[in-house]
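What the coordinates show
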Amino acid sequence: MGTKHLYIETYGCQMNEYDSDRIKNALDAEPTDDPKKADIIIVNTCAIREKADQKAFSGLGKYKSIKANKPDVIVGISGCVAQLYGDTLLKKIPHLDFVLGTRAIPKLPEIISNIESQKRRTVETSYDLEELFEVEPYHKRGKVTAFVSVQQGCNKRCTYCIVPQVRGDEVNRPLPDILKETTNLIEKGVKEITFIGQTVNSWKENGYKFGDLIRAAGEIEDLERIRFTTSYPRDITKRMIDAMKEVPQVCHHLHLPVQSGSNKVLSNMKRTYTREWYVDTIARLKDAVPDITISTDIIIGFPGETDRDFQETMSLMREIEFESSYSFKFSPRPGTPAAEYEKEQTVDPDIASARLSELQAFQKDITEKKNLSRVGHIEEVLVEGESRNDPNFLSGRTDHNRILNFKGTKDLVGKTVQVRVTEGLLNSLRGELVK
Ligand code: SF4
């Protein structure tokens, strides 16, 4: 396998990015950026919104001609769309060789060797829990940040969400495994770890809770920064807040999806908290970590959302003033309760679009205002590499998760430096290195 070339196209969240790196490691193949040079092509998919799974299908369509010219190339689909549609994908996509479910990455080498020896198309979507965390991700040399998965699946049942269907119930990774992977990454030069899980802060294992995981990670020598995502509001406990306050490596930024400011909509989504509870949780977090910044996710046009419900969401946006927010129009996913509600209580798509534009325009102003307010301040930046837009600039993130670009030389990559902010833009800051 060592000489094979792998091209992998990834859609969706950090979990998928992490799984793509696990796939690279499982196959021990040489990653390539050119699908025409690949021996194995994999599209790692996301099913969270209808658009995302359509993208995955068109992603796969692109490789039809490559397969026609080079019949030995192996083309596969992995991730949530693979899990959701299983063997129907083989019927639908004739040039597809395998379908790999969300929990089947450890089986991939065997699947590939069977396809090579027997030319048999394969579907593997079983939930084998024993090997679940067995393959660690590929790590690109020189990268200073890395994800570490602490959990697979989700036990919540938000009525719009397909994740529990495609990733199964929550399974938490043992603490020693998490710490071992983290320590290995630090030895390779990583400075910042982001723990990832569908509801990362519900992690518990062998009597330990998420706050204990943060404290244990804080003991790892040379680990400079700890982040985690995605937190579930209801699972924010005193133990977790205390750990965030007391472990110095924990970054002062939290992504905490609220989804709606209307209690009626929250209840229909089965989010298990109220608006008041969410606001109070933010207050408790700010009490403990006064400079913490909060970002969120919002769904607009959930079935039955009235103008009044939407105005409640807007009033929450004004009350909290999130640092940033990811907002989307509701998209019904097959087999979820909300897809059934949608049949009777659809929000007119034009109304939903207008609400989304209003919310996004408001957020843009707030984000710009917050970024501008940083001008003149000195920020600590972990330098991640060259800026994507200009090789004369370096790029890194502040403790509060803002991207900060500044002029500097490559030897600063991996170092934490002080940068004075000179400009606040919509998606980033600009600054100058403090001598
Ligand atoms: S918490 Fe809700 S939205 Fe998040 S993955 Fe679980 S079911 Fe989906």
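The structure this text deals with has already been given above.
Residues numbered from 1 in each chain as written. Predicted model: local features only at pLDDT ≥ 70, side-chain atom pairs only at ≥ 80, totals over all residues. Heavy atoms only, no water.

Let's talk about helix α13 (residues 307-320)
Its 14 residues place the ends of α13 20 Å apart at the C-alpha level, agreeing with the 20 Å of an ideal helix rising 1.5 Å per residue. Among all positions in α13, only D309, F310, T313, M314, L316, M317 and I320 are buried. Buried residues of α13 fall within an arc of 155° about the axis and therefore sit on the same side. Packing partners of the buried residues in α13 comprise α11 (263-269), α12 (275-288), β15 (293-300), β16 (324-329) and α15 (349-372). Where α13 terminates, the next one or two residues include E321, which has phi positive at roughly 55°. (Helix = DSSP H or I, 4+ residues; strand = E, 2+ residues; numbered from the N terminus. Expected span 1.5 Å × (residues − 1). Buried < 20%, exposed > 50% of the residue type's maximum accessible area, 1.4 Å probe, protein only. Arc of directions from axis to C-beta. Contact = heavy atoms within 4.5 Å.)

Quick notes on the pattern of salt bridges
Going through the model one piece at a time under the given rule, you end up with 30 salt bridges. Between E321 and K369 there is a salt bridge, and its shortest N-O distance comes to 3.1 Å. One end of the pair, E321, is in the loop between α13 and β16; the other, K369, is in helix α15, with 48 residues separating them in the sequence. Among the charged side chains, a salt-bridge network with shared partners connects E192, R225, R227, E384 and R397. (Salt bridge = Lys/Arg side-chain N within 4 Å of Asp/Glu carboxyl O.)

Digging into the pairing of strand β1 (residues 5-10)
Inspection of the sheet shows β1 paired to strand β2 (residues 30-31) by two bridges, in the parallel sense. Considered in β2, the bridge of H5 is made with E30. What joins β1 to β2 is helix α1 (residues 14-27), and the crossover it makes is right-handed. The pairing of β1 with strand β3 (residues 40-45) spans five bridges and is parallel. What sits directly across from Y7, in β3, is I41. (Pairing = 2+ DSSP bridges. Right-handed = clockwise from strand over helix to strand, strands pointing away.)

Digging into the side chain of R22
Inspection of the secondary structure puts R22 in helix α1. By relative accessible area, which is 3% here, R22 ends up buried.

Side note on the sheet that holds strand β19 (residues 403-407)
Spatial ordering of the closed barrel is given by β17-β18-β19-β21-β20, a layout of five strands whose pairing is mixed. Recorded for the sheet is a direction-independent mean angle of 50° between the axes of neighbouring strands. Pairing of strand β17 (residues 378-386) with strand β20 (residues 416-424) involves five bridges; the strand directions are antiparallel. Paired with I378 across the two strands is R420, which belongs to β20. (Axes fitted to C-alpha atoms, helices over the stretch in contact; angles between N-to-C directions.)

Regarding the sheet that holds strand β7 (residues 145-149)
Picture the strands of a sheet paired through backbone hydrogen bonds; they go either parallel or antiparallel. Pairing in this open sheet of three strands is parallel, and the strands run β7-β10-β13 from one edge to the other. The two strands at the open ends of the sheet, each matched to only one other strand, are β7 and β13 (225-229). Within the sheet, the average angular offset between the axes of one strand and its neighbour, ignoring direction, is 25°. Of the pairings in the sheet, the one linking β7 to strand β10 (residues 192-196) comprises five bridges and is parallel in character.

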